[in-house]
Amino acid sequence: MTSTNPRAGWERIDNQFYRKIRLYEQVFDPDLELENYLVAGAPYSGALALWRNESKISRYRVGGSAKPTIDIYSSSGKLISNISWDKGSIRGLGWSDDEQLLVITEDGTVRCYFGLHEDFTPFSLGLEAEEHGVASCRFWSHGFVALLSNNTLVAVSSFREPHSVQQLAAVPDGKVYAWSLIPPAYTLSRSVEVLLAIDKTIFVVDATEAEDRGLSDGPFSHVSVSPNGRFAALYTEDGKVWVVGSDFQNKYSEYDSKVKTPPARLYWCGNDSVILAWEDEIHMVGPNGAAAKYFYDGQVHVVPDIDGIRLITNDSCEFVHKVPDASEEVFKVGSTTPPSVLLDSIDLLEQKSPKADENIQRIKSSLPDAVETCIRAAGQEYDQALQKQLLRAASFGKSVLDLYSSDEFVDMINDLRVLNAVRDYRIGLPLSYEQYLRLGPERLITRLINRREYLLAIKLSEFLNLSVTKIYVHWASQKVKSSSADDDSIHEVITERLRGKHGVSFEAIARTAYDEGRGHLATSLLNHEPRSGKQVPLLLSMEEDDIALNKAIESGDTDLIFFVLLHLRKKLHHAAFFRSLSEKPLAGALVESSARSQDTELLKDLYYQDDRPIDGSNLLLEEATRQPAVQAVIDKLKLAARVLADAKDPAAVLQTRALTEATQLLKMQEAFDKDVADNTGSYVGLSVNETMFRLIRSGYSKRAAKMQSDFKVPDKTWWWVRLRALVAARLWGELEEVGKVKKSPIGWEPFYNEVLGAGNTRLASTFIPKCTNVPPAERIEMWVKCGMVVKAGEEAVKAKDLNALELLRTKASGAQLGEIERMINQLQPRR
C-alpha cells in the first residue's frame, strides 16, 4: 500500500501536516473512461457507485452491456455487482451510513438498494416532485434533501421510514447557484437546514422559514458544510474560497485559487481543510488560506469521508487526511519527543547498542505516555511494517515498566489484524482506524456479508467473538437465489453445510425460498427451524394453514395457536374453519374458550358442527337468563328446546322436559303478576317452590295446589312448602284444618317445630299427640316447651318415668306443683 518511509506523502499546510496514502494501484480498467462517470462513495471507505454521466458522450466498449447499469465497485476496483437501471434520468446518487444506495430519479421516484445488489425498497417524493421534477440532491448519514426545479425543497429524514417526506419552507425566487445542507444532528432545531446560494447571498432554509444571511459578495458557485456542521466553505465568482462559521457570523480564512475556471466540486477533507477539485487537479486549502496542490494525468474523483477523502483515478485509490497527532509526534523530522526516542531505541536495541537503555532511562518518567502514543500511532498506519515497528517499540517500553496494563496494546493488535484483513485488495475496504472505531465490528461484518466474503466474515466474527449465524443465513439465502439446481439438491447442500450450527434461522432462508417461488424448498427448510414462532407466520403466508396449525399445536404455545386460529377465522367460512379443527382437540378447546367470552354466535356454530345439542341448548339457556323481557326469555327457551328436538341422548330428553316446564312456569308467573295482588314483587324468575310459597302466603292456596299438580311436585315437597307458607302468613285456621287429616307425608314434628317457632304454643301443642314416633322423653320436653307441665307429667306417668317427674317438679308452681306431686306419689312404691 504505502512506502515504509513514515513521512512519505506528507505535505505541510500552514502549521499542520496532511498526508496522501496510496491505498491501491491499477484500480480500474483503462478502457473504463472514468471521466464519463459520476462516482458516489459510501462512507467508512465503503463501496463506489458508478453511473455513466448522461451529459457526456462515451465510446462503446466491446463486451460491455448495452443496457444501462449502476456499477458497484470496491475501493480497490473489484466489481461487486451491476444493478440494472430502467427508470430514466438519475438526479441523485448517494449512500447511507449503513451502505444503502439511494437513487433518486427526475420524477421523484426513490429506490433504496440494500445489500449492494439489486434488492431495493421504493417510495416517492410526492406529486409536486413528479410534476416539477427533481433538479439535484444532497445526502447525510440517514436522510437526504431534494431540490425541485421550482426551487421547492423536499426532505426525507429517514430511509427506514420513507413516508417521513417533508416539504421545507418556501425558497425565494431566483437561480440557485449552489447548495448544501447541515444534518439534523448539528442544528439547534434538530431538523435539517439547507444553505442555498441565490443571487449574491446565502439563504438558510429549515422546516419553518428561509432566512437571508445578508451576504453581498455572491453569487457563490459552490457551498459545502464541514462534517461536524460548524463551518461552511464558499467559492466566490472571482475564484476565492471563504471558510466561515455555519452561522455566518465569522470568517476564518480566505484562499485565492488563481484559476479562472471554477472547480467541478468543492468538498471538505475532515473538518480541517477544503478540497477544490477540477478534472485533473486538486487544491487542498488548509488553515489561514495555505494550500497544497496535486496534479493528475487524467480524471480524478473525490469521495469525502468522515476523516478525509478518497481520490479515485483509473490508476489508483488514494486517501488524504490530516496526519494524526500520534503519528506526527513519533515521526516528525527532528522530533525528540519520548515516543520518537522510544521508537529510535528499537533500532539501537536490534544493533545491541547500550544507547538503547540510556534512551529508555532518559524518558523513564514519560515512558507510559510514550508507550500509549506508539500504540495509537500504530493504529493510524496502513503500512504493516510500520505497524510492527511501532508495536515493537511499545512492547519494549512496557516491558521496562513495573506496572502497566497491556489491554490497550492487545486491543490494538486485534484491531490491526482486522483492519489489515479487510484492507487487502481482494476485499477493498481501506478503513482508517478512526473509521473502524465509528463503524464498529458488527457493521463491518455486515459489509463483508454484503460483499459475499463469507469465509473472511466467519473468521473475523470468531476472532472478535461475534455471532456467525447471520453469515450462514445470508450464505444460504444467496444459495437459494443464485442456484439453478432442483429444490431437493439445494435443500441437501444447505442442510449439510448448516448441520450443527446452532441458532441459524431456517425461517429466514425458507422465506427467501418462498419469495423466489420455491414453495416446496421453503416448506422443507422450515422443518429444520426449531422455533415454532418463526415457522408458523411463514407457513401461513405460504397458505400452508394445516401445517401451520399442527406446528403451533406441537409447540404448546397457546398464544401461537390463537394467532393461527385468528388467521384461519378471518380467512375461512365457518364450515371450513370448523373442519380444520377436527381431530385437533386442543385447538377446538381454545376456540370454544375464546368464543364463550367473545363470540357466542361462533360458539353456537361450533356446537352445531360438532353435534353437541346439549351444549348448544345450555348456551341458549344462558342467553335466556340475560334477557330483560319475559317474552324474549320464553323465545330463547323454546329455541333451546328446539335444538334438543332431534337428540336421542337421555340427558337431552330430560333437559327438553325441564325447558318445557320452565317455559310453562314463566307463562304462569307472567299471569300471576297480572292477576295476583300481593304487593311483594314480580313472580317472574322464582322457582316452582318459591312461587307456590308466595301464592299460599298471599291466600291463593288453590292456585298453588294446581301448580303442585301441573308440575308434579312430590307430596313431601308440597307439604313442606304449604306448612312454611301458612306459618309465615300466620294462617292458623288453615293449619288446624290440615292437622285434622290422619297422616302427614312429612310427619307431624315439622308442624310442631314450625308453629312453635312462630310463637303459637297452643296450636303447636295440638300436634304433640300426633307425634307417635317420638320417644316419651322428647314428647315430655315438647309439652314443657308449650308451657304445659301437667301434660308433660301425664306423659311421664304413661312412661313410668319417675326421674322425669322429679325434674318436672322443679319447673312447676301453684296448682301444677300439686298435680305433679300427686303423680310422683302415684308412681312411688308403697311402703
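See the structure printed just above.
Computed from a predicted structure; not experimentally measured.

Section: the packing of helix α31 (residues 789–799) against helix α33 (residues 815–827)
Logical step 1: Relative to each other, α31 and α33 sit at 5°, their axes nearing to 9 Å. The orientation of α31 with respect to α33, classified from their angle, is roughly parallel. Facing α31, whose interface residues are Val-789, Val-790, Gly-793, Glu-794, Ala-796 and Val-797, α33 presents Gln-816, Glu-819, Ile-820, Met-823, Gln-826 and Leu-827.
Logical step 2: Across the contact of α31 with α33, the residue classes break down as 7 nonpolar, 3 polar and 2 charged.

Section: the packing of helix α5 (residues 367–380) against helix α6 (residues 384–400)
Logical step 1: Two elements in contact, α5 and α6, have axes separated by 8 Å at closest approach and are oriented at 160°. Relative to α6, the element α5 lies roughly antiparallel. The two elements α5 and α6 cross, and the hand of that crossing is left-handed. Here α5 contributes Leu-367, Val-371, Cys-374, Ile-375, Ala-377 and Ala-378 to the contact with α6, which in turn contributes Gln-387, Leu-390, Leu-391, Ala-393, Ala-394, Gly-397, Lys-398 and Val-400.

Remarks on the sheet that holds strand β2 (residues 16–25)
Logical step 1: Ordered in space as β1-β2-β29-β28-β27, the 5 strands form an open sheet in which the pairing is antiparallel. In this open sheet, the two strands that pair with only one neighbour each are β1 (10–13) and β27 (301–304). Each neighbouring strand pair of the sheet contributes to a mean axis angle of 25°, computed without reference to strand direction.
Logical step 2: Examined bridge by bridge, β2 and strand β29 (residues 316–322) share 7 bridges and lie antiparallel to one another. For Arg-22, the partnering residue across the bridge sits in β29 and is Glu-318.

Some details on the environment of Glu-99
Logical step 1: The residue Glu-99 is located in the loop between β7 (90–95) and β8 (101–105) in this model.
Logical step 2: When its relative accessible area of 1% is taken as the criterion, Glu-99 is described as buried.
Logical step 3: Separated by 53 residues in sequence, Glu-99 and Gly-46 place their C-alpha atoms 6.8 Å apart.
Logical step 4: Those residues in contact with Glu-99, other than ones at most four positions away along the chain, are Ala-42, Gly-46, Ala-47, Leu-116, Arg-447 and Arg-451.

Digging into the packing of aromatic side chains
Logical step 1: Scanning all chains against the criterion turns up 15 aromatic pairs.
Logical step 2: With centroids separated by 5.7 Å and ring planes inclined at 40°, the aromatic side chains of Phe-139 and Phe-144 adopt a geometry described as tilted.
Logical step 3: Under the relative-accessibility criterion, Phe-139 is labelled partly exposed at 23%.
Logical step 4: Each member of the aromatic cluster is reached from another via a ring pair, and the members are Trp-719, Trp-748, Phe-751 and Phe-767.
Logical step 5: Seen from the ring of Trp-719, Arg-722 lies directly overhead, with NZ or CZ sitting 4.6 Å from the centre.
Logical step 6: In this structure, Lys-770 is placed above the aromatic ring of Trp-748, and the distance from its NZ or CZ to the ring centre is 5.0 Å.

Comments concerning the pairing of strand β24 (residues 273–277)
Logical step 1: Counting buried positions along β24 yields 5 of 5 residues, so the element is predominantly enclosed.
Logical step 2: Side chains Ser-273, Ile-275 and Ala-277 project from β24 onto one buried face, and the interleaved Val-274 and Leu-276 project onto a second face that is buried too.
Logical step 3: Linking two consecutive strands that pair antiparallel, namely strand β23 (residues 265–269) and β24, is a turn of 3 residues; a positive phi of about 65° is found at Gly-270 within it.
Logical step 4: Inspection of the sheet shows β24 paired to strand β25 (residues 281–285) by 4 bridges, in the antiparallel sense. Paired with Val-274 across the strands is Val-285, a residue of β25.
Logical step 5: Between β24 and β25, which follow one another and run antiparallel, lie 3 residues.

Examining the pattern of salt bridges
Between side chains of opposite charge, pairing is possible as soon as their charged atoms come close.
Logical step 1: Scanning the model with the defined rule gives 29 salt bridges in all.
Logical step 2: Glu-254 is paired through a salt bridge with Lys-251; the nearest N and O atoms lie 2.5 Å apart.
Logical step 3: Under the relative-accessibility criterion, Lys-251 is labelled partly exposed at 43%.
Logical step 4: We note a salt bridge from Arg-809 to Glu-806, for which the minimum N-O separation is 2.2 Å. Residue Arg-809 and its partner Glu-806 are both found in helix α32 (residues 802–811); the two are separated by 3 residues, about one turn of the helix.
Logical step 5: Its relative accessible area of 29% is what places Arg-809 among the partly exposed residues.
Logical step 6: Look at the salt bridges and you will find they share partners, linking Lys-20, Arg-22, Glu-25 and Glu-318 into a network.

Some words on unusual backbone geometry
Logical step 1: At the junction of Gly-218 and Pro-219, the peptide bond is cis and its omega measures out at 5° in the coordinates.
Logical step 2: Position of Pro-219 among the secondary structure elements: in the loop between β18 (210–212) and β19 (222–225).
Logical step 3: Here the phi dihedral of Leu-116 falls at roughly 65°; this positive angle occurs in a residue that is not glycine.
Logical step 4: Residue Lys-352 is not a glycine yet carries a positive backbone phi of 60°.
Logical step 5: Residue placement: Lys-352 occurs in the loop between α3 (338–350) and α4 (355–362).

Calculation notes
- Residues numbered from 1 in each chain as written.
- Predicted model: local features only at pLDDT ≥ 70, side-chain atom pairs only at ≥ 80, totals over all residues.
- Heavy atoms only, no water.
- Axes fitted to C-alpha atoms, helices over the stretch in contact; angles between N-to-C directions.
- Helix = DSSP H or I, 4+ residues; strand = E, 2+ residues; numbered from the N terminus.
- Parallel < 35°, antiparallel > 145°, perpendicular 65-115°, else oblique.
- Contact = heavy atoms within 4.5 Å.
- Nonpolar A, V, L, I, M, F, W, Y, C, P; charged D, E, K, R; others polar.
- Left-handed = near helix turned anticlockwise from the far one by under 90°.
- Pairing = 2+ DSSP bridges.
- Buried < 20%, exposed > 50% of the residue type's maximum accessible area, 1.4 Å probe, protein only.
- Phe/Tyr/Trp six-rings, centres within 6.5 Å; stacked < 30°, edge-to-face > 60°.
- Lys NZ or Arg CZ within 6 Å of the ring centre and 35° of its normal.
- Salt bridge = Lys/Arg side-chain N within 4 Å of Asp/Glu carboxyl O.

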